[in-house]
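# Secondary and tertiary structure notes
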Amino acid sequence: AKTASGITYPSTRYTFEGLLNGLQIMAIDKALPLYVFYLGEEDDKYPNSFAYGAVNLAAFLANAMVLAIQSDACDEHNWQEVAGRDAISNSC
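Read on for an overview of the structure. (Residues numbered from 1 in each chain as written. Predicted model: local features only at pLDDT ≥ 70, side-chain atom pairs only at ≥ 80, totals over all residues. Heavy atoms only, no water.)

### A few points about helix H2 (residues 49-67)
Cut-off, in case you're wondering: Each helix is a run of DSSP H or I of at least 4 residues and each strand a run of E of at least 2, with the numbering of both proceeding from the N terminus. Expected span of a helix: the number of residues minus one, times 1.5 Å. Burial here depends on accessible area, computed with a 1.4 Å probe over protein chains only, as a share of the maximum for the residue type. Under 20% is buried, over 50% is exposed, and the range in between is partly exposed. Directions drawn from the helix axis to the C-beta atoms are what define this arc.
For H2, with 19 residues, the first-to-last C-alpha span of 27 Å sits near the 27 Å given by 1.5 Å per residue. Inspection of H2 places Ser49, Gly53 and Ala64 among the buried residues, and these make up the whole buried set. All buried residues of H2 lie within an arc of 45° about the axis, which places them on one face of the element. Seen from the open side of H2, the exposed residues pointing more than 90 degrees away from its buried face are Val55 and Val66.

### With respect to the layout of surface pockets
Applicable threshold: For each structure, a 1 Å grid was placed over the protein atoms alone; sets of points admitting a 1.4 Å probe that cannot get out are labelled cavities, open sets with protein on both sides within 12 Å along at least five of seven lines are labelled pockets, and lining residues have an atom within 4 Å of a point. Grid points are joined across faces, edges and corners, and a volume is the space filled by probe spheres set on the points. When residues are grouped by polarity, Ala, Val, Leu, Ile, Met, Phe, Trp, Tyr, Cys and Pro land in nonpolar, Asp, Glu, Lys and Arg in charged, and all others, Gly among them, in polar.
Computed from the structure, the largest pocket encloses a volume of approximately 510 Å³. What lines the largest pocket is a set of 20 residues, among which Tyr14, Leu19, Phe60, Ala64 and Ile69 lie closest to the centre. Elements with a minimum of two residues in the lining of the largest pocket: helix H1 (16-28) and H2. If one sorts the elements of the lining of the largest pocket by residue count, H1 sits on top with 6 residues. Tallied by class, residues from the lining of the largest pocket come to 13 nonpolar, 4 polar and 3 charged.

### Looking at the environment of tyrosine 52
With respect to the helices and strands, tyrosine 52 occurs in helix H2. For the pair tyrosine 52 and glycine 40, spaced 12 residues apart in sequence, the C-alpha separation works out to 6.5 Å.

Given below as structure tokens:
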């Protein structure tokens, strides 16, 4: 995470353990069948599948860093406004 003056500090909200727990649920357990996080497959039919999975994870982390982790925000930024103000539904 980063302060307003640009000083970095360890995130208090996002942890490696949390990432692993999320991947366990979304990629390995496939708890939500319509929303599976692709990490690759152990199948000779798809020899590059783990490379695709690694790129998928890298892209996810890059996006998460830009939208939430660097500011230690509780969710991605939502730019929806109601009457010129941020909607209350955008709050954490």
